[in-house]
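# What the coordinates show
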Amino acid sequence: MEAGQPKLKKLAKRGKNSYICQINNLDDGCLMLIFSFLCPIPDRYNTALVCRRWRFLACHPRLWLRVDRSVNDLSEPGVYPNIETAVAAARPGDTVLIAAGGIHRTSNIQIKKPICLIGAGELPDDTTLICSRGSESALEFLATCKLANLTVRAELGCCLLHRGGRLTIDGCILQCESNPLDHLSHAIVTTASPPDEVPAAPLKKNGDCVTVMRTRIEGGAKAVLTSGTLSLQQVRVIYTRTSLYFWFSVEHT
């Protein structure tokens, strides 16, 4: 039995190497198509660590756009110095990867196409978007979008303004800074019109709604100001002034 173990290990190793050789025999177009079905974070991001070829394909502009303030050569395709230019260049269905480190200034950026904004850091704190005082919001959503692995901070006003479409916020931190006008600050404001009739299902699949998952909300008068459909799953809310803490998972229509 023990004499056969090295042979089994050798066969297993040969089978693994054979699998790697087979997938590497695919042309770049086929591999890129496979990568396009992977979740951007962490699966597609991790494929870039395999080898140089996979890094080139996984980071190709066809799969996602990148926002990196440290890039000096702006002629590099798919790389933009700020979020506003990346959103303007994005096509429906694109993913925008925002580089970790530093602060990204955002002010009333309207997003009218279905895209995904993702922070490139290991944690949401690694990628911070700040909405300066005097702006209504950092980001304004008018289409179906997803926000993930980001920290969004508002000095006054709201972090995110939802006007239409299905907005998903996953694994983020939303912060409203403490100030004398706290009653005007909200992490999320949705002005989307509520449906005329309450659907049988909890959420209307094709309607306007906001879904918040695994997210921490700090400060502001209210965590969410909404008149439409809202779903909260594993959301933690902290009111800094009164030191109140809530953890809840609810659904509101």
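Residues numbered from 1 in each chain as written. Predicted model: local features only at pLDDT ≥ 70, side-chain atom pairs only at ≥ 80, totals over all residues. Heavy atoms only, no water.

The chain is annotated in an unreviewed UniProt entry as F-box domain-containing protein of Salvia splendens.

Glancing now at the overall build of the chain. For the chain, the helix and strand inventory stands at five helices and 21 strands. Burial status across the chain gives 42% buried among its 253 residues. Within the chain, contacts between residues separated by at least 24 positions form 51% of all contacts whose residues are at least 6 apart in sequence. In the form shown here, the chain has an accessible surface area of approximately 13900 Å², with 55% of it arising from carbon and sulfur atoms. (Helix = DSSP H or I, 4+ residues; strand = E, 2+ residues; numbered from the N terminus. Buried < 20%, exposed > 50% of the residue type's maximum accessible area, 1.4 Å probe, protein only. Contact = heavy atoms within 4.5 Å. Areas by Shrake-Rupley, 256 points an atom, 1.4 Å probe, with all protein chains shown as cover.)

Under the definition given, this model contains six salt bridges. Where Glu 140 meets Arg 163, a salt bridge forms, and the shortest distance between an N and an O atom there is 2.5 Å. Placement of Glu 140 in strand E8 (residues 137–141) and of Arg 163 in the loop between strand E11 (158–162) and strand E12 (166–170) is noted, with a sequence separation of 23 residues between them. Accessibility expressed as a relative area gives 33% for Arg 163, which makes it partly exposed. (Salt bridge = Lys/Arg side-chain N within 4 Å of Asp/Glu carboxyl O.)

With 75% of its residues at a pLDDT of at least 70, the chain reaches an overall mean of 79. No element of the chain has a lower mean pLDDT than strand E20 (residues 244–248), which averages 48, and none a higher one than strand E5 (residues 109–111), which averages 95. Segment residues 197–205 is flagged for pLDDT under 50; beyond a separation of four residues in sequence, or across chains, it makes 10 contacts in the model. Here residues 242–246 scores under 50 on pLDDT; set against residues more than four positions off or in separate chains, the count is 10 contacts. (pLDDT = per-residue confidence, 0-100.)

In this section: helix H2 (residues 28–36). Burial in H2 covers these residues: Leu 31, Met 32 and Phe 35. Projected onto a plane normal to the axis of H2, the buried residues spread over an arc of 100 degrees and lie on a single side. (Arc of directions from axis to C-beta.)

Moving on, we get to the environment of Trp 54. By the element assignment, Trp 54 lies in helix H4 (residues 52–58). Given the relative accessible area of 13%, Trp 54 is considered buried. Residues Trp 54 and Met 32, 22 residues apart in the sequence, show an inter-C-alpha distance of 8.8 Å. The residues contacting Trp 54, other than those within four sequence positions of it, are Ile 23, Asn 24, Leu 31, Phe 35, Thr 47 and Ala 48.

Reading across the sheet, the five strands line up as E5-E8-E11-E14-E17 and stay open at both edges, with parallel pairing between neighbours. The outermost strands of the open sheet, each flanked by one partner alone, are E5 and strand E17 (222–226). Neighbour to neighbour, the strand axes of the sheet diverge by 15 degrees on average, direction disregarded. Bridge count for E5 against E8 is three bridges, and the pairing is parallel. Residue pairing in the sheet places Gln 110 in a bridge with Glu 140 of E8. (Pairing = 2+ DSSP bridges. Axes fitted to C-alpha atoms, helices over the stretch in contact; angles between N-to-C directions.)

A few words now on the environment of Asp 170. Inspection of the secondary structure puts Asp 170 in strand E12. What Asp 170 contacts, discounting residues up to four positions off in sequence, is Lys 146, Leu 147, Ala 148, Asn 149, Met 213, Arg 214 and Thr 215.

Turning our eyes to something else, we now look at the pairing of E12. Note that strand E9 (residues 145–148) and E12 share four bridges and pair parallel. From the neighbouring strand, Cys 145 faces E12, where its bridge partner is Leu 167. Pairing of E12 with strand E15 (residues 209–213) involves five bridges; the strand directions are parallel. From the neighbouring strand, Arg 166 faces E15, where its bridge partner is Cys 209.

This part covers unusual backbone geometry. The phi angle at Asn 108 is positive, at roughly 50 degrees, despite the residue not being glycine. By the element assignment, Asn 108 lies in the loop between strand E4 (103–106) and E5. Even without being a glycine, Asn 149 presents a positive backbone phi close to 60 degrees. As for its position among the elements, Asn 149 is in the loop between E9 and strand E10 (151–154). Under the relative-accessibility criterion, Asn 149 is labelled buried at 11%.

Next up on the list: the nonpolar core. One finds Ile 111, Leu 117, Leu 139, Leu 147 and Leu 160 to be the most contacted residues of the largest nonpolar core, which totals 40 residues. With near-sequence residues (within four places) excluded, Leu 160 lies in contact with Leu 139, Phe 141, Leu 147, Val 152, Ile 169, Leu 174, Ala 187, Ile 188 and Val 189. The next biggest cluster of nonpolar side chains, apart from the first, holds nine residues, and it includes Ile 23, Leu 31, Leu 57 and Leu 63. (Core = buried A, V, L, I, M, F, W, Y, C linked by side-chain atoms within 4.5 Å.)

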